[in-house]
Amino acid sequence: MKHIVRIGDVSKGEIEQLFTSARNMRDLLAKNTLSRRLEGKILTALFYEPSSRTFGSFIAAMQRLGGGVIPIQGVAYSSVAKGETLEDTIATFSKLSDAIVLRHPQEGAAAIAAKASSVPVINAGDGVGEHPTQALLDLFTIRDHFEDLSNITVTLVGDLLYGRTVHSLLQLFGLFPPKKIILVSPDALRMPESLVAPTMHQTNQLDEALGETDVLYVTRVQKERFEDPASYDAVKDSFHITKETLEKVKPTAIIMHPFPRVNEIALEVDADSRAVYLREQIANGLYVRMAILDYIFTQ
Ligand code: ASP
């Protein structure tokens, strides 16, 4: 049984296989010739925290492949509100469905769920821990532009302390290493030391990185992880990407964001051909999640 709780749960070979499958899903969807290969399978989408893209794309992925879903977005109306434990909730949905996608506010929740489950568990974000399927769609997007990562510079900007997408993405770069990784954050929001290698460059000055960057990956300051509003306010507007910022970025670069954005990227940037967060990343999330579900159910 295949759980995807952390990036370490997928090998380089499996990722290449998933990407081939995701490209295939993209082609079949464009031609409207997808088969209903997951007919008869049911996925539980169990989300204890807000979500738009991850929740929506897992459900769309399942339905595009002919499968069914139990959508639980917010647990206010489930037995969780009566005090049910995560383990009991997972044990229940293991009996009602063939796989569970879980988003939960606590780091480590997906690992606990995998232990309690008799069906595969996919981590759709566990607190400040990981978000492996987001990192896979991010790498898929990068590979569409740069087949060979070994001569590109990737710059991760923003809340690197609490941002789970960058925690997973950085680990994924361990398998597919770029030439250079630059980590740009306010000092209070630096990437956890355990994930930083000595070859990575850390700074709080975005301008230092812009000229050599091929992939500019911008993140939101994770307001919901701060204990007091004053410390959030002190860092919330640390970086703001505008048209002027882009003048310093290579014409061949791409600008990414896992979304939602708050104030990190000005709306005027959306029309720039380098901005791929709306144009590519969201649809790639669908193709990659279709490939993941297909793999989980049919391996
Ligand atoms: N949607 C992403 C996540 O759930 C990024 C974010 O919320 O900032 O981690």
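Relevant structure appears above.
Cut-offs applied
Residues numbered from 1 in each chain as written. Predicted model: local features only at pLDDT ≥ 70, side-chain atom pairs only at ≥ 80, totals over all residues. Heavy atoms only, no water. Near = heavy atom within 4 Å. Areas by Shrake-Rupley, 256 points an atom, 1.4 Å probe, with all protein chains shown as cover. Nonpolar A, V, L, I, M, F, W, Y, C, P; charged D, E, K, R; others polar. Axes fitted to C-alpha atoms, helices over the stretch in contact; angles between N-to-C directions. Helix = DSSP H or I, 4+ residues; strand = E, 2+ residues; numbered from the N terminus. Parallel < 35°, antiparallel > 145°, perpendicular 65-115°, else oblique. Contact = heavy atoms within 4.5 Å. Salt bridge = Lys/Arg side-chain N within 4 Å of Asp/Glu carboxyl O. Pairing = 2+ DSSP bridges. Polar contact = N/O pair within 3.5 Å; in protein donor to acceptor, adjacent residues only side chain to side chain. Buried < 20%, exposed > 50% of the residue type's maximum accessible area, 1.4 Å probe, protein only.

In this section: the site of the ligand. In the region of the ligand, the neighbouring residues are Arg103, His131, Arg164, Thr165, Arg220, Gln222, Phe259 and Pro260. Considered on its own, the ligand offers 260 Å² of accessible surface; in the complex 92% of this is hidden by protein. Across the shell around the ligand, the residue classes break down as two nonpolar, three polar and three charged.

Quick look at the packing of helix 1 (residues 12–31) against helix 5 (residues 132–145) now. Relative to each other, helix 1 and helix 5 sit at 75 degrees, their axes nearing to 11 Å. When the axis of helix 1 is compared with that of helix 5, the two are roughly perpendicular. Residues Ile15, Glu16, Leu18, Phe19, Ala22, Arg23 and Arg26 of helix 1 form the contact with helix 5, whose participating residues are Leu136, Leu139, Phe140, Arg143 and Asp144. Here the contact of helix 1 with helix 5 is composed, by residue class, of seven nonpolar, no polar and five charged.

Summed over all chains, the structure comprises 16 salt bridges. The partner of glutamate 39 in a salt bridge is arginine 36, and the shortest N-O contact between them spans 3.8 Å. For lysine 250, the salt bridge identified is with aspartate 214, shortest N-O distance 2.9 Å. You can see lysine 250 sitting in the loop between helix 9 (243–246) and strand 9 (254–256) and its partner aspartate 214 sitting in the loop between helix 7 (207–210) and strand 8 (215–218), a full 36 residues away along the chain.

Here we take up the sheet that holds strand 5 (residues 153–157). Judged by pairing direction, the sheet is parallel, and its five strands sit side by side in the order 7-6-5-8-9 without closing on themselves. Edge positions in the sheet fall to strand 7 (201–203) and strand 9, since each of these pairs with one other strand and no more. For this sheet, the mean angle separating the axes of adjacent strands, direction not counted, is 15 degrees. On the sheet, helix 5 packs against strand 8 and strand 9 and is oriented at approximately 170 degrees with respect to strand 9.

Position of leucine 161 among the secondary structure elements: in the loop between strand 5 and helix 6 (164–172). Considering only alpha carbons, one finds leucine 161 and alanine 188, 27 residues apart in sequence, at a separation of 8.0 Å. Setting aside residues up to four positions removed in sequence, leucine 161 forms contacts with His167, Ala188, Leu189, Arg190, Met191 and Pro192.

Turning to the side chain of threonine 213, a few remarks are in order. Its place among the elements puts threonine 213 in the loop between helix 7 and strand 8. Polar contacts involving the side chain of threonine 213 include one to the side chain of threonine 155, which spans 2.7 Å. The residues contacting threonine 213, other than those within four sequence positions of it, are Thr153, Thr155, Lys250 and Ala253.

Mapped onto the secondary structure, leucine 293 falls in helix 10 (residues 277–298). Taking the relative accessible area as the measure of exposure, leucine 293 reaches 0% and is therefore buried. As a C-alpha pair, leucine 293 and alanine 99 span 194 residues in sequence and 8.8 Å in three-dimensional space. Excluding residues that lie within four positions of it along the chain, leucine 293 makes contacts with Leu38, Leu43, Phe58, Ala61, Met62 and Ile122.

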